[in-house]
Amino acid sequence: MAETSHAQGEEASLLKVLGNWDALALGFGAMIGFGWVVLTGDWITSAGTLGAVAAMVTGGVIMGVVGLTYAELTAAMPKAGGEHNFLLRGMGPRWSFIGSWAITGGYVTIVAFEAVALPRTAEYLFPDLSRIPLWEVAGDQVHLTWALVGAVAAVVITWVNIRGVKLAGVAQTFVVLFLLLIGAILILGSFTGGSTANMEPLFAGGVAGYFGVLVVVPFLFIGFDVIPQSAEEVDIPARQIGRLVVVAVILATIWYVMTILTTSSAMPVGDLAGADIATADAMGAMFGSDFMAQVLIAGGIAGILTSWNSLLLGASRLMYSMARSGMLPRWFGVLHPKYRTPANALMFIGALSFIAPFFGEQMLGWLVDSGAPSIVVAYILVSLVFVILRRTEPGMERPLRVGGNGSGGLIIGWAAVVLCVGLLSLYMPGMPASLTPPPWILFGLWWVLGLFFLFRIPSGIKPGEHAEERLLERLGNRRP
């Protein structure tokens, strides 16, 4: 049981330094990354203004239902690792690993995405950024100066997170406030320089256009689940932590709908289709100023940084929790001796994001697509364990009980399962948003690595409150 004591000592080492706003800024900021800057024009051209809004609201409802299950479970188990703890208690170690590995894969792909998106955005401000050609990836020429923008940023953001969660939270707060200011300017520009005539056609592309927007929802909304990852470091009541999960989803839905409406009001759909970065060009058109387009790009960079910072934090806490349970090598569970952050996990993920820009701009689409199915798999499992725990542990302390004491909670849980299974089916071959081979290759590589760790976990360990202790004891007995 020495390993258990060691694990408990590490658990106590995490600092409770985050407040209400810190946690909300982490969740909301994680969801508002770079997609709203570069993808909004595609949403409008493929589905029409109201078609894109309808798809985004549908996505917000799906994520809101899933968020309700997270809210109850987070309030009941406010420990670092979120999904890892929920599944360990309700379904056992192996299912816990599968769900944790899935959401970690989603986080890692988006952290790497932001490392590639940053130089892509910076090039809009500095057209001569690409110098010193290195090699081609899928027909895209990679330049050293371009890649170094993302790589150096990876070093800085990783360093900030190693220095402490409070520093990362303060940085997140300032960047989110700047992002909200950009949103207010977009709304002002839409009223003063936009036109409802530009919003035509309101619907386009039929069912395929609608699903083409809906399929990016997991990528756009991932991040509310960062709040459960940091729950052990939040110094607020458990019930409030759960509520913040749902609030973050609502705010993100409002943000994406606002972006669609303001962008579509700025320019005719034909002009948006030909724009380099549609939302930035729309901002410039509404104010008749190239400078305002650059201000929007600054907002895009803010979105990159908030998402990157939050998801790096979330992924590192998940890897830390899995290592603490013996599912990953102990190296990932090492805390920095001074700052008491999971430094090794942070450096591992930081290294992946450092490398990503050297694969060029083509990585943007591949990363988005490869991470999305893993994200949805994790959401399905969390929704399912919500239902399981309602049946197997009806007396478990639940500071926040969604749906009341009757069958309302079960209805919400099963609705989340069904909606997420439907979302996952959209990625399969023959469906409107089926993935191309490169994303499936990245997806497969992540899960091949995961299988190596999965089969090291002993079978036959029952789920429950003490599943982690039983797992550590079994793993300890394996070692000489």
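For the structure, check the block above.
As the structure is a prediction and not an experimental result, all values here were calculated from the model. (Residues numbered from 1 in each chain as written. Predicted model: local features only at pLDDT ≥ 70, side-chain atom pairs only at ≥ 80, totals over all residues. Heavy atoms only, no water.)

Draft legend 1. Representation of the pattern of salt bridges within the structure. This model, assessed by the stated rule, comprises three salt bridges. The closest approach of N and O atoms between Arg390 and Glu72, which form a salt bridge, is 2.7 Å. Of this pair, Arg390 sits in helix H18 (residues 363–392) while Glu72 is found in helix H5 (residues 49–76), placing the two residues 318 residues apart along the sequence. Of the two residues, Arg390 and Glu72, neither departs from the other in class, the shared state being buried. In this structure, the salt-bridge partner of Glu72 is Arg398, at a minimum N-O distance of 2.9 Å. Note that Glu72 is positioned in helix H5 and Arg398 in the loop between H18 and helix H19 (408–425), a separation of 326 residues in sequence. The pair Glu72 / Arg398 is uniform in exposure class, with both members buried. Here the salt bridges do not stand alone but share partners, grouping Glu72, Arg390 and Arg398 into one network. (Salt bridge = Lys/Arg side-chain N within 4 Å of Asp/Glu carboxyl O. Helix = DSSP H or I, 4+ residues; strand = E, 2+ residues; numbered from the N terminus. Buried < 20%, exposed > 50% of the residue type's maximum accessible area, 1.4 Å probe, protein only.)

Draft legend 2. Seen up close, the nonpolar core. With 138 residues, the main nonpolar core has Trp36, Phe221, Phe224, Tyr256 and Tyr379 as its most contacted residues. Here the element with the most residues in this core is helix H16 (residues 290–324); it accounts for 15 residues. Those residues in contact with Phe224 that lie beyond four places of it in its chain are Gly27, Met31, Met63, Val66, Gly67, Tyr70, Val245, Ala248, Val249 and Tyr379. Membership of the second largest hydrophobic core comes to 11 residues, among which are Ala112, Val116, Val137 and Ala356. (Core = buried A, V, L, I, M, F, W, Y, C linked by side-chain atoms within 4.5 Å. Contact = heavy atoms within 4.5 Å.)

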